[in-house]
Amino acid sequence: MRNILVFGVMLCLGFTLSAQNLNLPIHVGYFAPYGTHIGLKVGTSLGGKDWKSNTQNEINRLHTIKINPQVGYFMQLNVQKNILFNVEFEYRTHSSNRSFYPLVSVGMGYLAGFQRQDGTVNLGTGEIDHNIKTIHHFVPTINLGFGRTPQQKFGYYFKLFYGSKISTVYAAFFGAELGVIFHIIKK
Amino acid sequence: MTREEFIKKSLVLGLGLPFFTMSLESCGADSKISIPTIETNFSGKVLIIGAGAAGLSAGYFLNRYNIDFQIIEASAVYGGRVKRASNFVDFPIDLGAEWIHTSPSVLSEIIDDSTVNANIDFITYNPKTFSVWKNGELKPRNFVSNFYSEYKFKDTTWYGFFEKYIVSDFLDKIVYNEPITQIDYSFNKVILQSLNGNSYEADKVLITVPMKVLQSRIINFMPALPVEKTNAIDSIYIGDGLKVFIEFSKNFYPDILGIGGLLESLASADKIFYDAAFRKDADANVMGLFSINDRASEYTSLATEQEIIDKIMSELDEIFDGQASKYYVKHLIQNWSKEPYILGAYSYTFNEDQEETVNTILKPLDDKIYFAGEALSVDNQATVHGACQSAYATVEKLLIS
């Protein structure tokens with residue numbers, strides 16, 4: 001478990017430093033699966049494909065496909081701790097003169113859940129020794145939300161997600177994510 | 001707030017959920033259970049009525065202080081609502097209290113003896129598969145696994161715990177098959193009369209019988225209990241209680257099956273089917289039914305155990321397309337409502353303010369009659385460790401009064 005956590009932290013730092021060097025946006029968000037877990041997600045957006053369209057009402061509407069690699073950590077006290085490695089393929093669209101955008105994305109991730117299985121309590125001292133098992137999941141999600149690209153300093157985003165945690169059993173995986181977007185190096 | 005109220009409010013608010021298990025686990029944390037260190041001049045005799053969790057832990061406390069005491073038990077065994085079936089399948093089954101509704105370190109707190117050099121294995125009761133049966137459909141709700149977790153014994157039971165660590169030093173002080181029918185505290189000494197015509201005398205008496213027994217007026221007090229005390233006793237709701245264990249030759253059921261909507265199942269928890277062998281060292285497939293209150297009454301009101309199991313099998317066959325009958329091996333029924341000196345499940349709700357009710361009941365009568373039990377632990381009501389906590393607090397009061 002510790003190795004995976006260390007790997008996750010290193011990956012987060014790697015993301016941040018790489019994003020900084022490449023001047024990519026950094027996404028840091030409160031990540032709350034089930035609306036109950038406490039968590040954090042860090043990621044970035046890699047440029048995908050951009051194009052413009054014209055309609056009767058609007059000229060030069062921007063459409064963007066982004067690839068968002070992310071690392072997340074969330075926990076439920078006394079139940080489980082989890083680390084998520086995820087990639088989202090995000091579509092967003094907005095007017096050329098506006099930074100606010102709605103978004104929809106699909107995600108695919110690997111989730112390592114660290115769950116207490118059993119343990120031993122010392123009756124003299126009360127000390128508890130838990131046995132923790134790592135459970136591996138594949139996590140596909142669909143996300144809906146909105147965001148605002150950073151102008152001077154910060155942008156923000158909000159997403160609702162729904163998907164499955166797939167291991168030996170299927171379980172719904174849903175919740176919300178709220179975060180900020182920023183560039184360490186000013187644009 | 002009772003545990004049931006707390007769970008309901010947490011579920012309704014949603015926000016409470018992250019803290020749901022934490023709060024259950026911390027029930028005892030902010031009021032650690034321990035045998036108080038006291039100085040006492042008490043040299044009289046104490047009679048404890050009831051050899052359930054509260055009565056036994058009271059005896060454990062008194063035994064540590066070399067106080068002269070005796071436990072008078074109405075039935076033929078000790079344990080009360082802590083009861084074990086050793087030979088039903090290949091692991092011992094808790095017929096009564098089963099879950100450890102707090103951190104397992106509470107077991108060490110109950111023993112409260114740092115010289116004990118022993119370990120107990122427990123399981124984290126964090127079911128993987130959770131379904132509900134609603135409107136004729138079996139619906140998976142496995143995500144519940146992400147925020148529900150408690151503990152259970154792995155290869156022993158609550159009864160086994162008491163047997164090995166609490167009762168072993170004073171087994172000879174328990175008198176069985178002596179239902180007390182009258183408590184006369186009008187004299188200097190307290191006189192107890194049993195159904196068998198025997199009488200017992202003591203300086204102080206600790207009553208640990210279930211509240212339902214007090215409500216049923218099986219025990220006659222002389223003089224009568226004060227009205228405020230009987231009102232307080234009567235204001236505690238204790239419903240019917242039933243546990244059934246069915247062995248199947250195949251596991252075809254989820255770890256937990258709730259009846260009704262998800263919130264309803266989680267909040268009231270008054271009827272659940274569950275995999276009783278979950279994470280146990282066991283080969284047997286055993287499904288448990290835990291049912292209390294009105295949901296239990298649907299079974300406990302039936303005339304025979306055969307009618308009860310027929311009803312349950314019929315329900316399971318409907319839910320699991322006939323697999324229950326197909327894989328049925330045997331069953332075991334524990335009808336707590338029919339236990340003559342238990343009469344139901346456990347304290348569930350309080351009609352009046354819980355703390356006020358409990359304090360009214362706990363108030364000693366003439367410094368001679370004391371009360372303890374699961375219903376009288378405000379912090380840990382309806383739990384075994386709550387019964388122990390209540391007993392330790394009351395015995396402390398009894399010895400230093």
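Everything that follows concerns the structure shown earlier in this document.
Note that the structure is a prediction, hence the values are computed from the model and not measured.

Comments concerning the overall build of chain A
Alright, step 1. Along chain A, the regular secondary structure elements total 1 helix and 9 strands.
Alright, step 2. Listed N to C, the secondary structure of chain A is α-β-β-β-β-β-β-β-β-β in terms of helices and strands.
Alright, step 3. Of all 187 residues assigned to chain A, the portion counted as buried reaches 49%.
Alright, step 4. Taking the contacts inside chain A whose residues are at least 6 apart along the sequence as the reference set, 55% of them involve residues at least 24 apart.

Description of the overall build of chain B
Alright, step 1. Each helix and strand counted, chain B has 13 helices and 23 strands in total.
Alright, step 2. Scaling as 2.2 N^0.38, a compact globule of 401 residues should have a C-alpha radius of gyration of about 21 Å, and chain B matches this with 21 Å.
Alright, step 3. Dimensions of chain B, computed from C-alpha atoms along their principal axes, come out at roughly 65 × 45 × 40 Å.
Alright, step 4. The buried share among the 401 residues of chain B stands at 62%.
Alright, step 5. Contacts in chain B between residues far apart in sequence, at least 24 positions, make up 73% of those at least 6 positions apart.
Alright, step 6. Summing over all exposed atoms, chain B offers an accessible surface of approximately 15,400 Å²; the carbon and sulfur share of this is 48%.

A few points about unusual backbone geometry
Comment: phi is negative for the bulk of residues other than glycine, and the bulk of peptide bonds are trans.
Residues and elements named next belong to chain B.
Alright, step 1. Note that the residue after Met222, namely Pro223, is joined by a cis bond; omega there is -10°.
Alright, step 2. Note that Pro223 resides in the loop between β15 (220-222) and α7 (227-234).
Alright, step 3. A positive phi is found at Asn293, a non-glycine position, where the angle reads about 60°.
Alright, step 4. The residue Asn293 is located in helix α9 (residues 293-300) in this model.
Alright, step 5. When its relative accessible area of 6% is taken as the criterion, Asn293 is described as buried.

Brief notes about the interface of chain B and chain A
Alright, step 1. The partner chain A presents 29 residues to the 37 residues of chain B that form the contact.
Alright, step 2. With both sides pooled, the region where chain B packs onto chain A buries about 2,700 Å², and carbon together with sulfur makes up 54% of that total.
Alright, step 3. Where chain B meets chain A, there are 1 salt bridge.
Alright, step 4. B:Lys154 is the salt-bridge partner of A:Asp118, the closest N and O atoms lying 2.7 Å from each other.
Alright, step 5. The interface formed by chain B and chain A includes 19 residue pairs in polar contact (both at pLDDT 80 or more).
Alright, step 6. Listing elements by their share of the side of chain B that touches chain A, those giving two or more residues are α2 (20-25), α4 (106-111), β6 (119-125) and α5 (158-165) of chain B.
Alright, step 7. No other element matches β6(B), which puts 6 residues into the side of chain B that touches chain A.
Alright, step 8. Split by residue class, the side of chain B that touches chain A holds 17 nonpolar, 14 polar and 6 charged.
Alright, step 9. Note that strand β6 (residues 100-122) of chain A and β6(B) share 5 bridges and pair antiparallel.

Brief notes about α7(B)
In an α-helix, one turn spans 3.6 residues; hence positions three or four apart end up facing the same way.
All names here are of chain B.
Alright, step 1. For α7, the complete set of buried residues consists of Lys229, Thr230, Ala232 and Ile233. End-on view of α7: buried residues confined to an arc of 160°, all on one side of the axis.
Alright, step 2. At its buried positions, α7 is contacted by α6 (211-215), β16 (236-238), α12 (354-362) and β23 (369-371).

A word on the sheet that holds strand β11 (residues 180-184) of chain B
Residue and element names in this part refer to chain B.
Alright, step 1. Pairing is mixed across the open sheet formed by 4 strands, whose spatial order is β13-β12-β11-β15. The outermost strands of the open sheet, each flanked by one partner alone, are β13 (199-202) and β15. Direction aside, the axes of adjacent strands within the sheet are offset by 20° on average.
Alright, step 2. As defined by bridge partners, strand β12 (residues 190-194) adjoins β13 across 4 bridges and the pair is classed as antiparallel. The residue of β13 that forms the bridge with Ile191 is Glu201.

Considering the pattern of salt bridges
All names here are of chain B.
Alright, step 1. Within the structure shown, the criterion is met by 17 salt bridges over all chains.
Alright, step 2. Lys83 is the salt-bridge partner of Glu339, the closest N and O atoms lying 3.4 Å from each other. Remark: Lys83 occurs in the loop between β2 (68-72) and β3 (84-85) and Glu339 occurs in the loop between β21 (328-335) and β22 (347-350); sequence separation between them is 256 residues.
Alright, step 3. Note on Lys83: relative accessible area 25%, which makes it partly exposed.
Alright, step 4. Of the charged contacts in the structure, one is a salt bridge between Glu247 and Lys330, with a shortest N-O distance of 3.7 Å.

A short note on a negative patch on the surface
Residue and element names in this part refer to chain B.
Alright, step 1. A cluster of acidic residues, Glu352, Asp353, Glu355, Glu356 and Asp379, forms a negative patch on the protein surface.
Alright, step 2. Looking at the element boundaries, Glu356 is found in helix α12.
Alright, step 3. On the accessibility criterion, Glu356 (55% relative accessible area) is exposed.

Examining the nonpolar core
Alright, step 1. Counting 52 residues, the largest nonpolar core has A:Leu123, B:Leu56, B:Leu107, B:Trp158, B:Phe161, B:Phe162 and B:Ile166 as the members making the most contacts within it.
Alright, step 2. Contributing elements (two or more residues each) for this core: β1 (45-49), α3 (53-64), β2, α4, β6, β9 (150-153), α5 and α13 (384-400) of chain B.
Alright, step 3. Looking at this core element by element, the count peaks at 8 residues for α13(B).
Alright, step 4. When sequence neighbours within four positions are dropped, the list of residues in contact with B:Ile166 reads B:Leu56, B:Ser57, B:Tyr60, B:Ile110, B:Ile111 and B:Phe161.
Alright, step 5. Formed by 39 residues, the second largest nonpolar core is a distinct cluster that contains A:Phe74, B:Phe88, B:Val132 and B:Ala345.

Remarks on a nonpolar patch on the surface
All names here are of chain A.
Alright, step 1. A cluster of nonpolar side chains, contributed by Leu46, Ile67, Phe89, Val104, Val106, Met108, Phe138, Ile142, Leu144 and Tyr162, occupies part of the molecular surface with about 870 Å² of accessible area.
Alright, step 2. Those elements that provide at least two residues to the nonpolar patch are β6 and β7 (128-148).
Alright, step 3. Tracing the sequence through the fold places Tyr162 in strand β8 (residues 154-166).

A look at the environment of B:Lys189
Residues and elements named next belong to chain B.
Alright, step 1. Considering the arrangement of structural elements, one finds Lys189 in the loop between β11 and β12.
Alright, step 2. With 13 residues separating them in the primary sequence, Lys189 and Ala202 have C-alpha atoms 5.7 Å apart.
Alright, step 3. Contact partners of Lys189, with chain neighbours within four places excluded, come to Asp184, Glu201, Ala202 and Asp203.

A word on the packing of aromatic side chains
Alright, step 1. Under the counting rule described, the total for this entry stands at 38 aromatic pairs over all chains.
Alright, step 2. Aromatic side chains A:Tyr162 and A:Phe174 sit 6.4 Å apart centroid to centroid with 15° between the ring planes, which places their arrangement in the stacked category. With A:Tyr162 in strand β8 and A:Phe174 in strand β9 (residues 170-182), this residue pair connects regions lying 12 residues apart in the sequence.
Alright, step 3. Judged by centre distance (5.9 Å) and plane angle (40°), the rings of B:Phe161 and B:Tyr165 are tilted. One end of the pair is B:Phe161 and the other is B:Tyr165, both in helix α5 and 4 residues apart, which spans about a single turn.

Definitions and limits used
Residues numbered from 1 in each chain as written. Chains lettered and ligands numbered in written order. Predicted model: local features only at pLDDT ≥ 70, side-chain atom pairs only at ≥ 80, totals over all residues. Heavy atoms only, no water. Helix = DSSP H or I, 4+ residues; strand = E, 2+ residues; numbered from the N terminus. Buried < 20%, exposed > 50% of the residue type's maximum accessible area, 1.4 Å probe, protein only. Contact = heavy atoms within 4.5 Å. Rg over C-alpha atoms; globule rule 2.2 N^0.38 Å. Areas by Shrake-Rupley, 256 points an atom, 1.4 Å probe, with all protein chains shown as cover. Buried area = accessible area lost by both parts, 1.4 Å probe. Salt bridge = Lys/Arg side-chain N within 4 Å of Asp/Glu carboxyl O. Polar contact = N/O pair within 3.5 Å; in protein donor to acceptor, adjacent residues only side chain to side chain. Nonpolar A, V, L, I, M, F, W, Y, C, P; charged D, E, K, R; others polar. Pairing = 2+ DSSP bridges. Arc of directions from axis to C-beta. Axes fitted to C-alpha atoms, helices over the stretch in contact; angles between N-to-C directions. Patch = residues over 30% accessible without salt bridge, like charges linked within 9 Å, V, L, I, M, F, W, Y side chains within 5 Å. Lys, Arg positive; Asp, Glu negative; His and termini not counted. Charge placed at Lys NZ, Arg CZ, Asp CG, Glu CD. Core = buried A, V, L, I, M, F, W, Y, C linked by side-chain atoms within 4.5 Å. Phe/Tyr/Trp six-rings, centres within 6.5 Å; stacked < 30°, edge-to-face > 60°.

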